[in-house]
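Below, each chain spelled out in residue letters.
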Amino acid sequence: MKKIETAVYYFPNYHVDPRNEAIHGKEWTEWELMKCAKPRFEGHNQPKIPLWGYEDEADPAVMAKKIDAAADHGITSFIFDWYWYEGPYLERCLNEGFLKAPNKDKLQFALMWANHDWKNFHPGSRETKHYPVNFPWSTSKDTVGYVWDYVIEKFMTQENYWKIGGLPYFSIYAVNRFIGQMGGVEATAEVLAQFREKAVKAGLPGVHINGIWFDVLDSHPAYSECPQADWVNKLGFSSYTSYNSCCISNSWFTTFPRVDYAKDYEHYCAIARKAKKTLPAPYFPVVTSGWDSSPRCVQSEVYDPGPGYPWLPVMEGTPELFGKAVAKTIELIKECSPEDPVFFINAWNEWTEGSYLEPDTRYQLGYLEALKKELAKQ
């Protein structure tokens, strides 16, 4: 089997952004939510405190430390959550931090287009039925070509941009929403073909376009206008993966306030095996390090089942549980697709969702060491 590629999602909201300052105040970052987090029920592991402190990820020296830690523990790529609301958002982390880090060549990078509205639950109240949308996602078929040009010119031409099979990787998070914005399945197929054509004209061999896939989507009423079972066979994605393993079983809706990490992973493995057997292109599995979105909730309110995100149960892992999940994922790759030895991890730094590999004061480098240990067995 080829060497395993380990790609980790990176959430870039731990640096100052002018749009955030206009809403939350001067020098606000999502670290402010972590500073206020507290235990919400007996045995709840909060606050989660970064071992390295509340650092500015747009500082190339800070990012260099992250790159070293990631590369030294077997990670090969950061997949940056990437936002576009009539222009780029939260890009200073990538432009000023990662791409200016002196050791940037130790790690590859790519983009996952987080193509959803940006809602304000920073923090969110139980009493709010519909969170305000600060920045609506409004790209259409008529304007998406500009986005393709921007991505190709600014990022895909970088020497350390991640490639699969020689093609630069690009992922779309909410495919159903993307199809709706583009005007239907056929129109979406056209804009994806346009993306590839533009890349070739720019001197690239094409684009490896990945679609985020969720097994539960076809049974979700919000997606009934665009059945997943239909678009997976018509859009020509190069591969599929998932962003995390959350909300994939009934336990997420029946066992508040906790979801069992090991049981959740077993549910996910069943879904991953189904995906590998039924999807028309490779499916890359994902390991979730944990889940706890309580920092995005108003801390003075009772932590009971709420109206939806972010009022969800928590799924607290440990380095040992995470290591076992990594080991099983590697076996899953060997079993189902040894020709495509790629897996994803959620996430490097989703602190306000309790999903991170960065060292904290409780486990220090435990998660990274567990990852390195399992990868070394290959």
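The structure reproduced in this document is the subject of the present report. Source: prediction; values computed, not measured. (Residues numbered from 1 in each chain as written. Predicted model: local features only at pLDDT ≥ 70, side-chain atom pairs only at ≥ 80, totals over all residues. Heavy atoms only, no water.)

The next subject is the overall build of the protein chain. Helix and strand content of the protein chain: 12 helices and 15 strands. What you see for the protein chain is a C-alpha radius of gyration of 20 Å, in line with the 21 Å of a compact globule of 378 residues. In terms of its C-alpha atoms, the protein chain occupies a principal-axis envelope of roughly 55 × 50 × 45 Å. For the protein chain, buried positions account for 57% of its 378 residues. Long-range contacts, defined as pairs at least 24 residues apart, comprise 77% of the intrachain contacts of the protein chain with a sequence gap of at least 6. Taking the average place of the 39 positive charges on the side chains of the protein chain and the average place of its 49 negative ones, the gap between the two points comes to 3 Å. (Helix = DSSP H or I, 4+ residues; strand = E, 2+ residues; numbered from the N terminus. Rg over C-alpha atoms; globule rule 2.2 N^0.38 Å. Buried < 20%, exposed > 50% of the residue type's maximum accessible area, 1.4 Å probe, protein only. Contact = heavy atoms within 4.5 Å. Lys, Arg positive; Asp, Glu negative; His and termini not counted. Charge placed at Lys NZ, Arg CZ, Asp CG, Glu CD.)

For the rest of this paragraph, the subject is the packing of aromatic side chains. This structure, assessed with the given rule, holds 58 aromatic pairs. An angle of 35° between the planes, with centres 5.9 Å apart, marks the rings of Tyr169 and Phe344 as tilted. Here Phe344 lies in strand 13 (residues 342-346) and Tyr169 lies in strand 8 (residues 167-172), a separation of 175 residues in the sequence. A single burial state applies to Tyr169 and to Phe344, both of which are buried. (Phe/Tyr/Trp six-rings, centres within 6.5 Å; stacked < 30°, edge-to-face > 60°.)

Relative to the assigned elements, Ser355 resides in strand 15 (residues 355-356). Residue classification places Ser355 among the buried residues on the basis of a relative accessible area of 0%.

With that out of the way, let us pick up the packing of helix 10 (residues 261-278) against helix 11 (residues 319-336). Look at helix 10 against helix 11: their axes get within 11 Å of each other, and the N-to-C directions meet at 15°. Here helix 10 is positioned roughly parallel relative to helix 11, judged by the angle of their axes. Of the two elements, helix 10 crosses helix 11, and the hand of that crossing is right-handed. Residues Tyr261, Ala262, Tyr265, Glu266, Ala272, Arg273 and Lys276 of helix 10 form the contact with helix 11, whose participating residues are Leu321, Phe322, Ala325, Lys328, Thr329, Leu332, Glu335 and Cys336. Within the contact of helix 10 with helix 11, the residues separate by chemical class into 9 nonpolar, 1 polar and 5 charged. (Axes fitted to C-alpha atoms, helices over the stretch in contact; angles between N-to-C directions. Parallel < 35°, antiparallel > 145°, perpendicular 65-115°, else oblique. Left-handed = near helix turned anticlockwise from the far one by under 90°. Nonpolar A, V, L, I, M, F, W, Y, C, P; charged D, E, K, R; others polar.)

Excluding glycine, residues mostly have negative phi values, and the peptide bonds linking residues are mostly trans. For the bond running from His122 to Pro123, omega is 5°, close enough to zero to count as cis. Along the chain, Pro123 falls in the loop between strand 5 (118-119) and strand 6 (133-135). One non-glycine residue, Glu86, adopts positive backbone phi at about 55°. Its location among the elements puts Glu86 in the loop between strand 2 (77-84) and strand 3 (88-89). Classification of Glu86 as exposed rests on a relative accessible area of 64%. Of note in this structure, Leu90 is not a glycine but carries a positive phi near 60°. When you line up the elements, Leu90 lands in the loop between strand 3 and helix 4 (92-98).

Any two side chains of opposite charge can pair, on the condition that their charged atoms come close. A full pass over the atoms with the stated rule returns 20 salt bridges. Measuring nitrogen to oxygen at the nearest pair gives 2.7 Å for the salt bridge that ties Glu30 to Arg296. Residue Glu30 is located in the loop between helix 1 (18-24) and helix 2 (31-36), and its partner Arg296 is located in the loop between strand 12 (286-288) and helix 11; the two are separated by 266 residues in the primary sequence. Accessibility expressed as a relative area gives 0% for Glu30, which makes it buried. Where Lys35 meets Glu32, a salt bridge forms, and the shortest distance between an N and an O atom there is 3.1 Å. On the criterion of helical spacing, the pair formed by Lys35 and Glu32 is a turn pair, its members being 3 residues apart in helix 2. The exposure class of Glu32 is partly exposed, given its relative accessible area of 28%. By sharing partners, the salt bridges in this structure join Lys48, Arg258, Asp292 and Glu316 into a single network. (Salt bridge = Lys/Arg side-chain N within 4 Å of Asp/Glu carboxyl O.)

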